[in-house]
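This is what each chain is made of:
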Amino acid sequence: MTSLSPVSPDPTAQAVTAPDPGLHRDQPFSRRNLIQTVVGGYLPLLVATLVVFLPLLWMVLSSFKQSGEIVTTDLKILPESLNLENYRTAMTTVPFGQFFLNSTIVTLAGATIKVLLAILTAYALVFVRFPFRNFIFLLILVALMVPPQVSILPNFILIAGIGGKNTLWGIILPGLGTAFGTFLLRQHFRTLPASILESAEMDGAGHWRRLWQIVVPVSIPSVATVALVTIVTEWNDYIWPLIITDRPETMTLPVGLTLLQNSESNAAGWGVLMAGAVLVIVPILIIFAALQRYIVAGLTQGSVTG
Amino acid sequence: MTRQLSPRPSTRPADPGAGTAKIPHRRWTARNRRDFFVFLAMALPNLVLIAVFTYRPLISNMYYSTLDWTLGSPTATVVGFTNYVTFFTSSDAPKVLGTTAVFTLVTVGGSMVLGLLVALALNAKVRGTTFARSAVFAPYVLSGVGVGLVWLFIFDPGYGVLAWLLRGIGQQSPQWINDPQLSLVMVILVYVWKNLGYCAVVYLAGLQSLPKDVMEAASLDGANGFRRFLSISLPLLSPTTFFLLITTMLSSLQAFDLIRIMTPLGTGTSTLIYEAYLQAFGAYNRAGYSAAISVVLFAILLVITVLQLRFVERKVHYS
């Protein structure tokens, strides 16, 4: 081990090399070392990344292919041209523009309200005195574990009964109660030092001002995490919009894609379907690429309780 | 704004002078009363929504499950436990429960084992791991409908990439969609592809929090990488493993999007959740029967959740 640093008798240099005593390093760029790094380090990473990306790349490439390029036993990897015909067909076969608009409205309205409700509830749970506060939190925690899938039939009967079938509010309403966001923000608010709030209280700031001028501004990363995770789940939400809409005017993108799948059931329709899949997947992929830190943290942390 | 509201004598201190010494008697000061209403104003909308759309359905489902009721019909007959009896004595139960068990066990096992392998790769001290970590996680956040369609195209027996690859080695593509067993295999493969990134990221966090001194001591003792992994990392990761076991099991039991888009009829892929959907919203509109299946599913989820809660409790004692 000490032979690694023959030129430097400095003890700190030894300390730096010490954490890796198990790795037998002859020389940093020896052939053995390079092969080991490539096979043990880069190759698995490359394989894992390709397994994820190739299907998505295939989707994008196929969305530009004309049916003649798809319905052939002779596989062509690249499309002949950047042909937007499939996108045009997808838009005209079913009202894809409308789906896109509906999805955007449902996602933005739903996520905004949910984040707002989560902020308010979490603040109340942490900073406002109330009897049985912990019991209320427990009820929220339990709600977090109730999967929305087992609630669809009763919710369908309720929402359809009050005229919410084939309406955007009917899609949004049942999902508005937010246990996930409340939980995540509560956990974060509890870590805030009480002193900053106390001094604001001394200055005569009420709860409302304390919430928006102190608590929320210092909690932007957590709020962003909740917002992004909510946006992603609202956009991808499938089972509920599928049940509560059966008319194209109010369908969201994933449901609309199902409709497109039904009308493009022959092999020639794959290009059109891939164009549709691009429209559903790519917006989230862009958001994820830009802000993945928050999304990964939120999804792996929030799931701590299911 | 709470001034006009009538004071509540029962909760107000009877004698303010005596009350100052004891905290319980000071509960209903003006400020606390204000807080009471501030709390309600802030939390009530969310709490009501959760009560109506999360808690109420659980009770409704139990009630519906005792009915012989066609969805959309104005009349229903109370039949007691007939729906449960029908489910458990018909050929549905072994089929649906079997499919659910196979789907859940294989997807949980598959995404955890592969997730751990990917996590080990991501834990390597090379460049690009941050990018690879995000890339591997990406499918987890993508629409199941979109992803399902992409893979359906890849699996297409006529013009899919897989068929082309198989032709390259002189093989015929199997009929993934029509064969009940193969369609289950197909959905499982795609589900694992979509979810292993989640396991990988959680395992990676676990790996990175392993005590470094223990690993060093082991390698000084001459344990090689594989040995270190098997006898030190893996046991130390057991809390992570248990956590993932529970969370992935819960989400596998709720898997819907991929099954719906890849096998709309549920041939060979009808798990509990999908059967509940098909019975109510498929061809039959059997609301009561569907509710009974939902209750069975909920009971299973409840058992797993209770297991998890007990584990979380234990974990708190550990630290």
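Visitor: Could you give me a rundown of the overall build of chain B, with the residues and numbers involved?
Guide: Along the backbone of chain B there are 14 helices and 2 strands. Looking at chain B residue by residue over its 319 residues, the buried ones come to 42%.

Visitor: Quick one: what's the story with the overall build of chain A, residue by residue and with numbers?
Guide: Summing up its helical and strand segments, chain A has 15 helices and 0 strands in all. Burial analysis of chain A (306 residues in total) assigns 42% to the buried set.

Visitor: Any details on the packing of helix α5 (residues 129-141) of chain B against helix α8 (residues 180-208) of chain B? Residues and values, ideally.
Guide: Residues and elements named next belong to chain B. Where α5 meets α8, the closest approach of the two axes is 6 Å, and the angle between their N-to-C directions is 135°. On the basis of their axis angle, the class for α5 and α8 is oblique. By crossing handedness, the relation of α5 to α8 is classed as left-handed. Listed contacts from α8 to R133, V136, F137, A138, P139 and Y140 of α5 are W193, K194, N195, G197, Y198, A200, V201 and L204. A breakdown of the residues in the contact of α5 with α8 according to their chemical character gives 10 nonpolar, 2 polar and 2 charged.

Visitor: For the environment of T258(A), give the residues involved together with the corresponding values.
Guide: All names here are of chain A. Mapped onto the elements, T258 comes out in helix α14 (residues 253-263). With 21 C-beta atoms counted inside 10 Å, the residue T258 sits in the buried group. Placed 144 residues apart in sequence, T258 and K114 show a C-alpha to C-alpha distance of 27 Å.

Visitor: Tell me about the nonpolar core, and please be specific about residues and values.
Guide: Y123(A), A277(A), A200(B) and L297(B) are the most contacted members of the largest nonpolar core, which has 165 residues in total. Apart from the residues lying within four places of it in its own chain, the contact partners of A277(A) are M59(A), L257(A), G146(B), L149(B) and V150(B).

Visitor: Tell me about the interface of chain A and chain B, and please be specific about residues and values.
Guide: In this complex, chain A contributes 73 residues to the contact, which on the side of chain B involves 74 residues. At 14 residues, the largest contribution of residues to the side of chain A that touches chain B is made by helix α2 (residues 31-63) of chain A. In terms of residue class, the side of chain A that touches chain B is built from 51 nonpolar, 21 polar and 1 charged.

Visitor: Report on α8(B), specifying residues and quantitative values.
Guide: Residues and elements named next belong to chain B. In a regular helix each residue adds 1.5 Å, so 29 residues correspond to 42 Å; α8 covers 42 Å between its end C-alpha atoms and thus fits that length. In α8, a bend of some 40° at N195 exceeds every other bend along the element. When you tally the buried positions in α8, you get 21 out of 29 residues, the bulk of the element.

Visitor: Break down the confidence of the model for chain B for me, citing the residues and quoting the values.
Guide: Residues and elements named next belong to chain B. With 88% of its residues at a pLDDT of at least 70, chain B reaches an overall mean of 84. When the criterion is pLDDT under 50, residues 1-23 qualifies, and its contacts beyond four places in sequence or with other chains add up to 13 contacts. The ipTM for the predicted assembly is 0.84, set against a pTM of 0.86.

Visitor: Quick one: what's the story with unusual backbone geometry, residue by residue and with numbers?
Guide: The backbone of N166(A) sits at a positive phi, close to 55°, despite the residue not being glycine. Here N166(A) is to be found in the loop between α7 (152-161) and α8 (168-172). In this structure, N285(B) is a non-glycine residue whose phi angle is positive, near 55°.

Visitor: Let's hear about helix α13 (residues 272-281) of chain B: which residues, and what values?
Guide: Taking burial as the measure, the 10 residues of α13(B) include 9 buried ones, the bulk of the element. Residues L272(B), I273(B), Y274(B), E275(B), A276(B), Y277(B), L278(B), Q279(B) and A280(B) constitute the buried set of α13(B).

Visitor: Explain the environment of M186(B) to me, and be specific about the residues and the numbers.
Guide: All names here are of chain B. Tracing the backbone shows M186 in helix α8. The spatial distance from the C-alpha of M186 to the C-alpha of T271 is 14 Å, given a sequence separation of 85 residues. Contact partners of M186, with chain neighbours within four places excluded, come to F155, W176 and M262.

Visitor: Describe the confidence of the model for chain A, with residues and values.
Guide: Residue and element names in this part refer to chain A. In the predicted model, chain A carries a mean pLDDT of 84, and the fraction of residues at 70 or more is 89%. Here helix α1 (residues 11-17) stands out as the least confident element of chain A, with mean pLDDT 41; α8 is the most confident, with 95. Predicted confidence is poor over residues 1-22, with pLDDT under 50, and the contacts of this stretch with residues over four places away or in other chains come to 14 contacts. The low-confidence segment residues 302-306 (pLDDT under 50) makes 15 contacts with residues lying over four places distant or belonging to another chain.

Each value, and the rule that gives it
Residues numbered from 1 in each chain as written. Chains lettered and ligands numbered in written order. Predicted model: local features only at pLDDT ≥ 70, side-chain atom pairs only at ≥ 80, totals over all residues. Helix = DSSP H or I, 4+ residues; strand = E, 2+ residues; numbered from the N terminus. Buried ≥ 20, exposed ≤ 12 C-beta atoms within 10 Å, placed from the backbone. Axes fitted to C-alpha atoms, helices over the stretch in contact; angles between N-to-C directions. Parallel < 35°, antiparallel > 145°, perpendicular 65-115°, else oblique. Left-handed = near helix turned anticlockwise from the far one by under 90°. Contact = placed C-beta atoms within 7 Å. Nonpolar A, V, L, I, M, F, W, Y, C, P; charged D, E, K, R; others polar. Core = buried A, V, L, I, M, F, W, Y, C linked by C-beta atoms within 7 Å. Expected span 1.5 Å × (residues − 1). Bend = angle between axes of the 7 residues up to and from the residue. pLDDT = per-residue confidence, 0-100.

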